[in-house]
Amino acid sequence: MSFAPGILAGKAAIVTGGATGIGSYIVRKLGSLGARVAIVSRKEANLKSAVAAFKANDGIDVLWRVGDVRVPDLMQEVIEELANEMGGLDILVCNAAGNFICPTEDLSPNGWRTVIDIDLNGTFNCCQAALPYLKEASAGGRIISISATAANYGWPGAAHAGAAKSGIQNLMKSLAVEWGVYGIRANWISPGPIAGTEGVDRLIIAQGRAQEALDSIPLGTFGEGDDIANAVVYLASALGKYVSGTELTVDGGSQWQRR
Ligand code: NAP
């Protein structure tokens with residue numbers, strides 16, 4: 001089951017962290033529905049092998065640039081280059097993130113700063129760099145940030161990521177209000193645990209918490225990458241044109257599970 005073929009034809013998208021995990025599902029979905037897509041992250045080897053796989057397995061040509069979302073000048077340069085190469089920019093997906101498990105009493109200032117810098121400051125840097133191009137998007141620019149349901153609660157062992165993701169959510173609300181005048185829609189998706197990703201492998205399974213996590217999901221399974229990618233398509237396409245400043249939770253109902 002899928003969206004109408006070509007629903008994103010003529011659109012140009014940048015996905016940060018698009019070489020791996022959830023980001024790679026988003027890239028595949030956007031590309032297969034007709035969008036031109038570019039990915040940005042730090043590791044050239046990851047970018048190159050992902051681009052080769054997108055081409056070989058899905059027949060999609062994906063542009064790529066090495067870039068660290070923490071560096072505002074670099075993101076200005078990279079987004080400008082990619083937008084010029086694609087003939088504009090309609091969709092920005094802020095997916096890049098870092099996280100690790102550490103009790104807050106042991107968390108170093110550097111650990112705290114690093115996650116805030118990648119997740120929250122990185123999202124701000126990309127949004128600001130993309131603004132001139134999103135303003136020109138013919139059907140209204142779309143900003144879609146990937147948050148996490150955990151940010152709506154306390155997140156023991158990941159206070160750094162919880163604070164960063166909560167900040168992203170509020171940033172999206174502010175941009176929806178400030179940039180609505182430019183026709184830009186700013187929203188965020190909050191995934192629950194998605195199978196086969198770093199978020200589940202390293203932060204849940206490697207911590208010995210797989211069964212506990214599954215027990216907290218009313219639908220009884222981890223999500224799939226395509227569950228998040230489909231939510232992105234909804235928000236990025238004409239179907240989501242009146243949605244701005246809000247959360248789309250994709251978590252199998254776990255946010256309402258009594259713990
Ligand atoms: P992932 O595979 O580790 O994806 C993170 C991506 O971000 C990587 O491709 C990484 O590429 C990139 N990145 C990290 N630091 C960067 C930086 N400074 N500049 C540019 N790119 C950077 O993890 P994932 O699990 O798929 O997570 C994707 C998103 O979903 C994240 O926002 C995460 O918080 C969110 N999320 C995931 C889950 C889940 O179950 N997986 C649940 C809730 C929310 P490089 O190493 O090449 O830079």
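Residues numbered from 1 in each chain as written. Predicted model: local features only at pLDDT ≥ 70, side-chain atom pairs only at ≥ 80, totals over all residues. Heavy atoms only, no water.

J.: How would you explain the site of the ligand if you had to name every residue and give the values?
T.: As a matter of local geometry, the ligand sits amid 28 residues, with Thr20, Arg42, Asn95, Ile194 and Thr197 nearest to it. The backbone of Ile22 places a nitrogen or oxygen atom 2.8 Å from an oxygen atom of the ligand. Coverage of the ligand by the protein chains reaches 90% of its 880 Å² of free accessible surface. For the shell around the ligand, the leading source of residues is helix H6 (residues 198-201), giving 3 residues. Along the lines of polarity and charge, the residues of the shell around the ligand split into 11 nonpolar, 11 polar and 6 charged. (Near = heavy atom within 4 Å. Polar contact = N/O pair within 3.5 Å; in protein donor to acceptor, adjacent residues only side chain to side chain. Areas by Shrake-Rupley, 256 points an atom, 1.4 Å probe, with all protein chains shown as cover. Helix = DSSP H or I, 4+ residues; strand = E, 2+ residues; numbered from the N terminus. Nonpolar A, V, L, I, M, F, W, Y, C, P; charged D, E, K, R; others polar.)

J.: Which residues make up the packing of aromatic side chains, and what values go with them?
T.: Taken as a whole and assessed by the stated rule, the structure comprises 0 aromatic pairs. Lying over the aromatic face of Tyr25, Arg28 brings its terminal NZ or CZ to 5.2 Å of the ring centre. Positioned above the aromatic ring of Tyr182 is the side chain of Lys135, whose terminal nitrogen or guanidinium carbon lies 4.3 Å from the ring centre. (Phe/Tyr/Trp six-rings, centres within 6.5 Å; stacked < 30°, edge-to-face > 60°. Lys NZ or Arg CZ within 6 Å of the ring centre and 35° of its normal.)

J.: Just give me the short version of the side chain of Lys29, but keep the residues and values in it.
T.: As for its position among the elements, Lys29 is in helix H1 (residues 21-32). For the buried Lys29, no salt bridge exists, and the shortest N-O distance to an oppositely charged side chain is 4.0 Å, to Asp226. Leaving out residues up to four positions away in the same chain, Lys29 has contacts with Asp226, Ala229, Asn230 and Val233. (Buried < 20%, exposed > 50% of the residue type's maximum accessible area, 1.4 Å probe, protein only. Lys, Arg positive; Asp, Glu negative; His and termini not counted. Salt bridge = Lys/Arg side-chain N within 4 Å of Asp/Glu carboxyl O. Contact = heavy atoms within 4.5 Å.)

J.: I'd like a description of the state of the cysteines, backed by residues and values.
T.: Under the criterion given, the structure shown has 0 disulfides. Here Cys94 is not disulfide-linked; the sulfur of Cys127 is the nearest cysteine sulfur, at 4.1 Å. Its relative accessible area of 4% is what places Cys94 among the buried residues. Just so you know, Cys126 is unpaired, no disulfide at all, and the nearest cysteine sulfur is the one on Cys94, 5.1 Å from it. Owing to a relative accessible area of 1%, Cys126 belongs among the buried residues under this scheme. (Disulfide = S-S within 2.5 Å.)

J.: Describe the sheet that holds strand S1 (residues 12-16), and please don't skip the residues or the numbers.
T.: As summarised here, the arrangement of the 7 strands in space is S3-S2-S1-S4-S5-S6-S7, forming an open sheet in which the pairing is parallel. Every other strand in the sheet has two partners, leaving strand S3 (62-66) and strand S7 (247-250) as the edge strands with one partner each. Between one strand axis and the next, the sheet turns by 20° as a mean value, whatever way the strands run. Sheet analysis places S1 next to strand S2 (residues 36-41), joined by 5 bridges and oriented parallel. From the neighbouring strand, Ala13 faces S2, where its bridge partner is Val37. Sheet strands touched by helix H5 (residues 159-178): strand S5 (142-146), strand S6 (185-191) and S7. Its angle to S6, the strand with the most contacts, is close to 155°. (Pairing = 2+ DSSP bridges. Axes fitted to C-alpha atoms, helices over the stretch in contact; angles between N-to-C directions.)

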